[in-house]
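Analysis of the macromolecular model
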Number of protein chains: 2
Amino acid sequence: MSELVANETLQPVLDHIDQNLDAAVERLQALLRIPSISTDPEFANEVHRCAEHLADDLRSIGLATTVHKTKGHPMVVATDDSAGPEAPRVLYYGHYDVQPVQPLDEWNADPFEAAIVEGAHGKRIVARGAADDKGQLMTFVEAIRSWKAVHEKLPVRVVMLFEGEEECGSESLEPFLNEHKQDLLADTCVVCDTGMWDVDTPAITSRLRGLVYIEATLHGPSHDLHSGGYGGAVINPANAITEILGQLHDKNGRVQIAHFYDDVTTLSDEQSSQWNTLGDADALVLESSGAKATFGEEGYSTLERLWARPTCDINGLFAGYTGLGAKTVIGATATAKISCRLVANQNPQQIEDNLRAFLEERTPEGCHWNITSFGVNPAISVPTDSPWLAAASEALSQIFPNPAVLIGSGGSIPVVGSFQEILGVDAVLVGFSLDDDLIHAPNEKFELSCFHNGVLAHAAILDKYAFIQS
Amino acid sequence: MSELVANETLQPVLDHIDQNLDAAVERLQALLRIPSISTDPEFANEVHRCAEHLADDLRSIGLATTVHKTKGHPMVVATDDSAGPEAPRVLYYGHYDVQPVQPLDEWNADPFEAAIVEGAHGKRIVARGAADDKGQLMTFVEAIRSWKAVHEKLPVRVVMLFEGEEECGSESLEPFLNEHKQDLLADTCVVCDTGMWDVDTPAITSRLRGLVYIEATLHGPSHDLHSGGYGGAVINPANAITEILGQLHDKNGRVQIAHFYDDVTTLSDEQSSQWNTLGDADALVLESSGAKATFGEEGYSTLERLWARPTCDINGLFAGYTGLGAKTVIGATATAKISCRLVANQNPQQIEDNLRAFLEERTPEGCHWNITSFGVNPAISVPTDSPWLAAASEALSQIFPNPAVLIGSGGSIPVVGSFQEILGVDAVLVGFSLDDDLIHAPNEKFELSCFHNGVLAHAAILDKYAFIQS
């Protein structure tokens, strides 16, 4: 933590956090060892088990906790009113579900072992969900645990909401927010699913890209064919899908879906300049991605392309024979999983419709598409002039070596938009993951120093939030 | 069989075949129940077991049989000299290995159960390898079994060669032919890995396309990335591979690999006219493929495209997340299995080199390819004026309702070229599979009527071959 001396309320909480870090790490490991993969129906029981495990832990802190059934995976809601009815109310959000682990053979350890290994920044915990999002949600859970252990009462009223469908489309979220609106209303909201600028520099995220995600299967022959007996005679869907998807971008990296950029606003010079002061973004991206060159739409910096420009990416592609060795087959189908990251003002449903049209217009004779949507959500901006954001920024600057910076994010956190729309509350996006945390990839990890400082920072945020007039 | 009366040597053999068909089918089922998938190292023991099983069966007929070890899968060689030293010597070739079975969930029965079911042409046997090639190789094995059962001595000297690597590149074949050349020399060679024109019309194949087959993996980032955190900042190999492979064909279906058509000869009007008399090839192709339209290089008929024009097909394609549901990932790599079917005069190695160059020239900045070759082989023609081909044609016409026709094949049978080159013998390509046998695909089958008539036809061929001066 920084050399600033905390006040006499906060300091014993920070000390308690420091003294009990090992136990906090063990609790995080226990949570990570539950394979709560929400996208795969085979893991539904594990997702439920994870919700119950988390709820038990929250009850052990003294929070009133309920596991709510939904049509999909459960919601966990925990409240604490020990601060009294006049205190501000803070809604915390996290998600306890995780991404699939494939390709499994690229992991150096079992993704659900939660091994602790040494890395460039000291010890780190390696597991699916370490940084996205179990390690992050435990930063505020542990801050509140320590605060209650030291002072019994919290300085603010707290309601926590933990979702189990963040990685699979959040279908139950909006119905749940509408149904439980009165229980969830709050003066501010803290979402812990974003990153730091670097290991010494905390960040608050004010822009999030939106998302459109479809799966499209091109059907040709009714069954797989021998490529000798039929090659040259009938359509090969694998050939056709590359010809079609190869047209998604022009030579300058611009997406060719109709009207794709119509509603994209130009970035202000001021915003662009602020981002330019952040440092060498290209170097960070190259180092954390292992790519040898940056790549993308011409005419924009890497941070502009990530935070202020929409994209279209193939996230999955398969056709024909994908096993070892050679098989002389023409596959009956070819499938692509395709997503678009969106920026402010783009209409997600319109983009999805135009993406579908892009594919349909290019359907080869005698073929047809089966297209499935995995949901859409718009890009999000949060106000940067609120007292909650300012207080969080001060608290972060108190704990970390460098002051907090304001950044964008290329990713999507749909719940932020839902909170704005349904609960009327803007989120403060505070998170502690690093660019090299390998989120959604093999060997996902979370630095224990980020975890430790994150817990301290949430204690400092609680301390500041107590004095904001709600 | 046809109404022609066979001579007194042949007739009792045909009768014996008819009377013992059930036992022959059971022997075929036993062979099909061994999953001899040669491309997948996990099945290596099964390939060996299949070789031993086949050898035991050949010994039970009275053939001197040896299972020869190779660097890959074994060769089975069986000989019979009961016809005496002056009789012509016939080399029979078949392969006992089979293709992989994926996608397994599209099979209506276990691919290695060898179930017998009713179909449009009566009973059929459903199994991987039913038509390619176990069902076919057993047609001449059973003919020889019955001939020996009836007459004790065969009318010709016989040497049979069974390969276990036909579906995975035949790497051991040429070294083996060179090493065992003296044991394998023959006056003619019969290869049973081709098809009929239709269920009533037997065929002899005189043209086979060649093959080039590579696997190419495009490497971008060093690991999988979150598509939010990196989409728009670095290369997505899945996007890139579609852009590259989408250029393999122009709008008229012509392959864009450099010099691809330079050595392709124009089809003679005579050949083209003969193929036009064969009937409605488009209807046959559409029915057996389940495609709704034919497709391919403009300016050529479907039979011309299949038998006399080269192609380029993606046989396998995979990148990113290929499981259920949505995963917002940018995969570190993208892989394509790509093959070219070649016609006479094309140099396979030159085509492979140019295919590799096509990919390398389009490598995006900061990326690289890993390219593996699965072997090359040239297109093949066999002389159509030999007495062996004429005798086989007469024998086929004797057994089936319609006379035999001369056709091409879109597939590749590399051994035919190796026999020409190393043993100096031209093959007679006689086979009994149908276009709808689903070779290399789920639910591969072989009609029992084709099997039965195939055994009868091989007995009739033996009868005629006895009288050809070698």
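Residues numbered from 1 in each chain as written. Chains lettered and ligands numbered in written order. Predicted model: local features only at pLDDT ≥ 70, side-chain atom pairs only at ≥ 80, totals over all residues.

Our next topic: the overall build of chain A. Along its length, chain A carries 15 helices and 18 strands. The globule rule puts the C-alpha radius of gyration for 470 residues at 23 Å, and the 23 Å found for chain A is close to it. With the principal axes as the frame, chain A shows a C-alpha extent of 80 × 50 × 45 Å. Looking at chain A as a whole, 58% of its 470 residues qualify as buried. Considering only residue pairs separated by 6 or more positions, chain A has 79% of its internal contacts joining residues 24 or more positions apart. (Helix = DSSP H or I, 4+ residues; strand = E, 2+ residues; numbered from the N terminus. Rg over C-alpha atoms; globule rule 2.2 N^0.38 Å. Buried ≥ 20, exposed ≤ 12 C-beta atoms within 10 Å, placed from the backbone. Contact = placed C-beta atoms within 7 Å.)

All names here are of chain A. Taken as a whole, chain A is organised into domain 1 (10–208 + 380–465) and domain 2 (210–264 + 310–377). Computed over C-alpha atoms only, the centres of domain 1 and domain 2 are separated by 35 Å. Contact residues are listed per partner, giving 6 residues for domain 1 and 7 residues for domain 2. Residues belonging to the side of domain 1 that touches domain 2 are distributed by class as follows: 1 nonpolar, 5 polar and no charged. (Domains from an automatic or database assignment. Nonpolar A, V, L, I, M, F, W, Y, C, P; charged D, E, K, R; others polar.)

Residues and elements named next belong to chain B. Their axes nearest at 8 Å, the elements helix 4 (residues 130–151) and helix 15 (residues 448–465) cross at an angle of 55°. Judged by the angle between their axes, helix 4 and helix 15 are oblique. When you trace helix 4 past helix 15, the crossing you get is right-handed. Counted together, Gly135, Thr139, Phe140, Glu142, Ala143, Ser146 and Trp147 of helix 4 and Phe451, Gly454, Val455, His458, Ala459 and Leu462 of helix 15 form the full contact between these two elements. (Axes fitted to C-alpha atoms, helices over the stretch in contact; angles between N-to-C directions. Parallel < 35°, antiparallel > 145°, perpendicular 65-115°, else oblique. Left-handed = near helix turned anticlockwise from the far one by under 90°.)

The two copies are related by a screw operation: chain B maps onto chain A through 180° of rotation and 0.0 Å of translation along the axis, at an RMSD of 0.1 Å. The relationship between the two copies is best expressed as a two-fold rotation axis. Interface residue correspondence from chain B to chain A reaches 100%, placing this contact among same-surface, isologous pairings. (Least-squares fit on C-alpha atoms with pLDDT ≥ 70 in both.)

This part is about the packing of helix 1 (residues 10–19) of chain B against helix 4 of chain B. Residue and element names in this part refer to chain B. Taken N-terminus to C-terminus, the directions of helix 1 and helix 4 make an angle of 120°; their axes are 9 Å apart at the nearest point. The crossing of helix 1 and helix 4 is right-handed. Taking contact as the criterion, the partners of Pro12, Val13, His16 and Ile17 in helix 1 are, on helix 4, Glu142, Ser146, Trp147, Ala149 and Val150. Looking at the contact of helix 1 with helix 4 residue by residue, the class counts come to 6 nonpolar, 2 polar and 1 charged.

Moving on, we come to the nonpolar core. Formed by 309 residues in total, the largest nonpolar core has its most connected members in A:Ala459 and B:Ala459. Not counting residues up to four positions away in its chain, the partners in contact with B:Ala459 are B:Leu10, B:Val13, B:Leu14, B:Ile17, B:Ala143, B:Ser146 and B:Trp147. (Core = buried A, V, L, I, M, F, W, Y, C linked by C-beta atoms within 7 Å.)

Residues and elements named next belong to chain A. Taking strand neighbours across the sheet as the criterion, the 3 strands line up as 4-5-18 in an open arrangement whose pairing is antiparallel. The sheet is open, and its two edges are formed by strand 4 (115–119) and strand 18 (445–447), each paired on a single side. Taken pair by pair, the neighbouring strands of this sheet meet at an average axis angle of 35°, ignoring direction. Relative to strand 18, strand 5 (residues 122–126) runs antiparallel, the two sharing 3 bridges. Within strand 18, the position partnered with Arg124 by the bridge is Glu447. Helix 4 (residues 130–151) contacts strand 5 and strand 18 of the sheet and is inclined by roughly 45° relative to strand 18. (Pairing = 2+ DSSP bridges.)

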